[in-house]
Amino acid sequence: MKQFLYTITDPLGIHARPAGLLAKEAKKFGAACTITKDGQTKKLTQLMMIMSLGVKQGDTVTIAADGADEDVAIEALEAFFKSNL
Amino acid sequence: MILIQGKGVSKGVEQGTLYFYERPDSTIIKGSKLGPEAEKERFANAQTVSIDQLHALAEKCLEEAGEETAILFETHAMFIEDDDYVECVLNAIEEESCTAEYAVNQAGEQFAEMFASMDDAYMQARAADIKDISRRLLDNLMGIVPGGIASEEPVILAADDLAPSETLQLDKSKILGFVTQEGSGNSHTAILARTMGIPAICGTGSALGRSYHGRQAYIDGETGEVFIEPDALTLAALKEKHDKQLEMKQLYETMKGLEDVTLDGKNVMLYCNIGSPEDLSAVINNDGQGIGLFRSEFLYLGASDYPTEDEQFEAYKAVAAAMKGKRVIIRTLDIGADKQVDYFEMKKEENPAMGVRAIRICLNRPEVFRTQLRALYRASAYGKVAIMFPMITSVWEVKECKRACQKVMAELESEGIPFNKDTEIGIMIETPASVFVADALAKEVDFFSVGTNDLTQYTLACDRQANDLGKFFDPHHPAVLRALKMAADAAHEAGIWIGICGELGADPDLLPTFLALGIDELSVSPTSVLPLRAELRKSIAKTCTLEMLDC
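For clarity, every value in this text was computed on a predicted model and none was experimentally measured.

*Asks:* For this particular structure, what's the right way to read the overall build of chain B?
*Replies:* Looking only at helices and strands, chain B has 20 helices and 16 strands in total. Considering only intrachain contacts with a sequence separation of at least 6, the fraction spanning at least 24 residues in chain B is 68%. Carbon and sulfur atoms make up 51% of the accessible area of chain B, which amounts to about 24,600 Å² in all.

*Asks:* What should I look at first to understand the nonpolar core in this one?
*Replies:* As a rule of thumb, soluble globular proteins bury nonpolar side chains together. With 87 residues, the main nonpolar core has Phe389 and Phe448 of chain B as its most contacted residues. Beyond its immediate stretch of four places on either side in the chain, Phe448 of chain B contacts Ile427, Ile429, Ala438, Leu441, Ala442, Ala487, Ala491, Ile496, Trp497, Ile498 and Gly499 of chain B.

*Asks:* What is the right way to look at the sheet that holds strand S5 (residues 175–180) of chain B in this model?
*Replies:* Across a sheet, strands are paired by hydrogen bonds formed along the backbone, either parallel or antiparallel in direction. Residues and elements named next belong to chain B. The sheet built from 8 strands is open, its strands ordered S1-S8-S7-S3-S4-S5-S6-S2 with mixed pairing. Pairing within the sheet leaves two strands with one partner each, and these edge strands are strand S1 (2–5) and strand S2 (7–10). For this sheet, the mean angle separating the axes of adjacent strands, direction not counted, is 30°. Pairing of S1 with strand S8 (residues 225–228) involves 4 bridges; the strand directions are antiparallel.

*Asks:* What should I look at first to understand the pattern of salt bridges in this one?
*Replies:* Oppositely charged side chains can form a pair if their charged atoms are brought close together. Inspection of every chain in the model, using the stated rule, returns 37 salt bridges over all chains. Where Lys28 of chain A meets Glu25 of chain A, a salt bridge forms, and the shortest distance between an N and an O atom there is 3.1 Å. It is possible to trace a salt-bridge network through shared partners that takes in Glu309, Asp310, Glu367, Arg370, Arg374, Arg378, Glu411 and Glu415 of chain B.

*Asks:* Explain the packing of aromatic side chains to me, please; I cannot follow it from the model alone.
*Replies:* The description of an aromatic ring pair uses the distance of the two centres, along with the angle that the planes make with each other. Within the structure shown, the criterion is met by 14 aromatic pairs over all chains. Relative to Phe111 of chain B, the ring of Tyr85 of chain B lies with its centre 5.8 Å away and its plane at 70°, an arrangement referred to as edge-to-face. Separated by 26 residues along the polypeptide, Tyr85 of chain B in helix H3 (residues 83–96) and Phe111 of chain B in helix H4 (residues 100–116) bring together distant segments of the chain. Judged on exposure class, the residue Tyr85 of chain B and its partner Phe111 of chain B are both buried. Their ring planes at 15° and their centres at 5.9 Å tell us that Phe294 of chain B and Phe298 of chain B sit as a pair that is stacked. Considered together, Phe294 of chain B and Phe298 of chain B belong to a single accessibility category, that of buried residues. Every member of this aromatic cluster is reached through a ring pair, and the members are Phe4, Tyr6, Phe80 and Phe81 of chain A. Geometry around Tyr382 of chain B places Lys317 of chain B over its ring, the cationic atom sitting 4.8 Å from the centre. In this arrangement the basic side chain of Arg378 of chain B is found over the ring face of Phe313 of chain B, its NZ or CZ atom lying 4.1 Å from the centre.

*Asks:* Got a minute to help me understand the packing of H3 of chain B against H4 of chain B in this structure?
*Replies:* The angle between the axes and the distance between the axes are what describe a pair of packed helices. Residue and element names in this part refer to chain B. Two numbers describe how H3 lies on H4: the axes approach to 9 Å, and their chain directions differ by 135°. Here H3 is positioned oblique relative to H4, judged by the angle of their axes. With respect to the hand of their crossing, H3 and H4 are arranged in right-handed fashion. For the pair formed by H3 and H4, the contact residues are Asp84, Tyr85, Cys88, Val89, Ala92, Ile93 and Glu96 on the first element and Ala100, Tyr102, Ala103, Val104, Gln106, Ala107, Gly108, Gln110 and Phe111 on the second. Class assignment of the residues belonging to the contact of H3 with H4 gives a composition of 11 nonpolar, 3 polar and 2 charged.

*Asks:* Would you explain helix H7 (residues 188–196) of chain B in this entry?
*Replies:* Because an α-helix completes one turn every 3.6 residues, residues spaced three or four positions apart along the sequence face the same direction. Counting buried residues along H7 of chain B, 8 of its 9 residues qualify, which places the element largely inside the surrounding structure. Directly after H7 of chain B, the chain includes Gly197 of chain B, whose backbone phi takes a positive value near 70°.

*Asks:* I would appreciate a short explanation of the sheet that holds strand S3 (residues 40–43) of chain A in the present structure.
*Replies:* All names here are of chain A. If you walk across this open sheet you meet the 4 strands as S1-S4-S2-S3, and the pairing is antiparallel. A strand with exactly one partner marks an edge of an open sheet, and here the two such strands are strand S1 (2–7) and S3. Here the average twist between neighbouring strands, direction ignored, is 25°. Alignment of strand S2 (residues 32–37) against strand S4 (residues 60–66), held across 5 bridges, turns out to be antiparallel. Looking at S4, one finds that Thr34 is bridged to Ala64. Helix H3 (residues 70–84) contacts S1, S2 and S4 of the sheet and is inclined by roughly 5° relative to S1.

Rules used throughout
Residues numbered from 1 in each chain as written. Chains lettered and ligands numbered in written order. Predicted model: local features only at pLDDT ≥ 70, side-chain atom pairs only at ≥ 80, totals over all residues. Heavy atoms only, no water. Helix = DSSP H or I, 4+ residues; strand = E, 2+ residues; numbered from the N terminus. Contact = heavy atoms within 4.5 Å. Areas by Shrake-Rupley, 256 points an atom, 1.4 Å probe, with all protein chains shown as cover. Core = buried A, V, L, I, M, F, W, Y, C linked by side-chain atoms within 4.5 Å. Buried < 20%, exposed > 50% of the residue type's maximum accessible area, 1.4 Å probe, protein only. Pairing = 2+ DSSP bridges. Axes fitted to C-alpha atoms, helices over the stretch in contact; angles between N-to-C directions. Salt bridge = Lys/Arg side-chain N within 4 Å of Asp/Glu carboxyl O. Phe/Tyr/Trp six-rings, centres within 6.5 Å; stacked < 30°, edge-to-face > 60°. Lys NZ or Arg CZ within 6 Å of the ring centre and 35° of its normal. Parallel < 35°, antiparallel > 145°, perpendicular 65-115°, else oblique. Left-handed = near helix turned anticlockwise from the far one by under 90°. Nonpolar A, V, L, I, M, F, W, Y, C, P; charged D, E, K, R; others polar.

As structure tokens, then:
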């Protein structure tokens, strides 16, 4: 399993649009991708569940990928967070 | 050629395809007759159609409205594909053996509830998005066309009758004219048509059958004739009338920007009646000098629950601000009688026109009244708002209304919310009782506005909705005009102004009588402003007489 920590800089937090794009991105990989905030873990493919975490600006989340293509996945996700969130 | 005779209730000649309005059946049934597999397939199909619609909408927005709105629709498409949402729907279909509609509705409520309960205002607002996508899926499942008209081209809309809440939902850009089997000149379809400046015919009876759906027709809103596939001779005559109509329109254009005054210098305020902020463009296009009647019912009729103070405030503010300092008279809610709203949970009445309606509801339910008054006073800071109370019969009612206003003003004052403390207060004169005590009422308010439709109904004991009363329903009846005189004299005695906001105000035959009575304001459908101005500008007030008051 690969993972990284990320602190949200977007003033709106993980709002609907990035959550949707994130779900789309995560579906590209075979690896199980997850997001964890305050001990709550959701799959990155679950758009509404990600939103239900209510991730705000300044919150730190853990992003993880577990599976055969986890290296590629974690790299792509890190790039996604940096440019969108 | 087939000729159907009805009653012309909004002038104009128009040609187009007859389109029969299908009343959407939006009842959701729980138990499925088709079985889970078929319901799942129905859901999958509705999903595909909805997603295609959303992508098409997003593309259209990208061209017309910009990226922000486009993204909204893209996000909606993502919601529809969301794994948890889909799973929730499919599980329900499987476990509860319910219809796809029931499952979608239930999942929508569940997810909307999840967002609504979050402590973040942005996420709370997403509940509305979830409801929106549920609505879209449900519409697609049940074959409901938003806007009610499944046609690319504008049509002549035919129906048995249209309820105010139904006309509100219609896509107005697709309507050339109305033809209804029932209804009368005072029905809401007629009023809407006159606001839109399009022809309407009511009361055709069963002669106008559903079998004419899709046929080519010409309608003449003056004579009340519906011609289905007219012959060459009729067609030529109708075309000529249509051309003449265009010519008159151009003539009326020259009236724009001119003063509303008679040849001998008597000014009359020519205002407009509107039913929602959507009608503003018609007011501005027709050079209306103010709003004499802004019906607030649209806020209540178009909703499934009581409209909030903020929703109301935004609507009133939009109109007040757009009129840029010109007077905007907003009538407090006039629900009851022919306008029923489910969530008010009114008891069924034998005779609703004489039941708990309008101001009677407001005085019985102070919280509903307070919310509206707060919204009205808040809007008063953004333009020249005036508040008008309907269905007044007694002085104590007016005093109670004014006390409610005082209370609301005191609240806003203490909350530091801006409002205009000199906001004018007026009442509708539409009951015989208000005419008889007009002298006492005039001392309490800043203006009177006569609602001629109801005043005629109550004075002559004639139901305005019934279309077989014919000659008995006569708004020119001397009794109605004498009532008008009593109210006008009482108003002028007390030094306040009096207007007319019923359909009668636009009647050119009565203009001399109104001038003789000294009526100060006429509030009419926006499309009647310019013709009335043309008529007014060639009148001489001094030579007008009260001969129509004679029996």
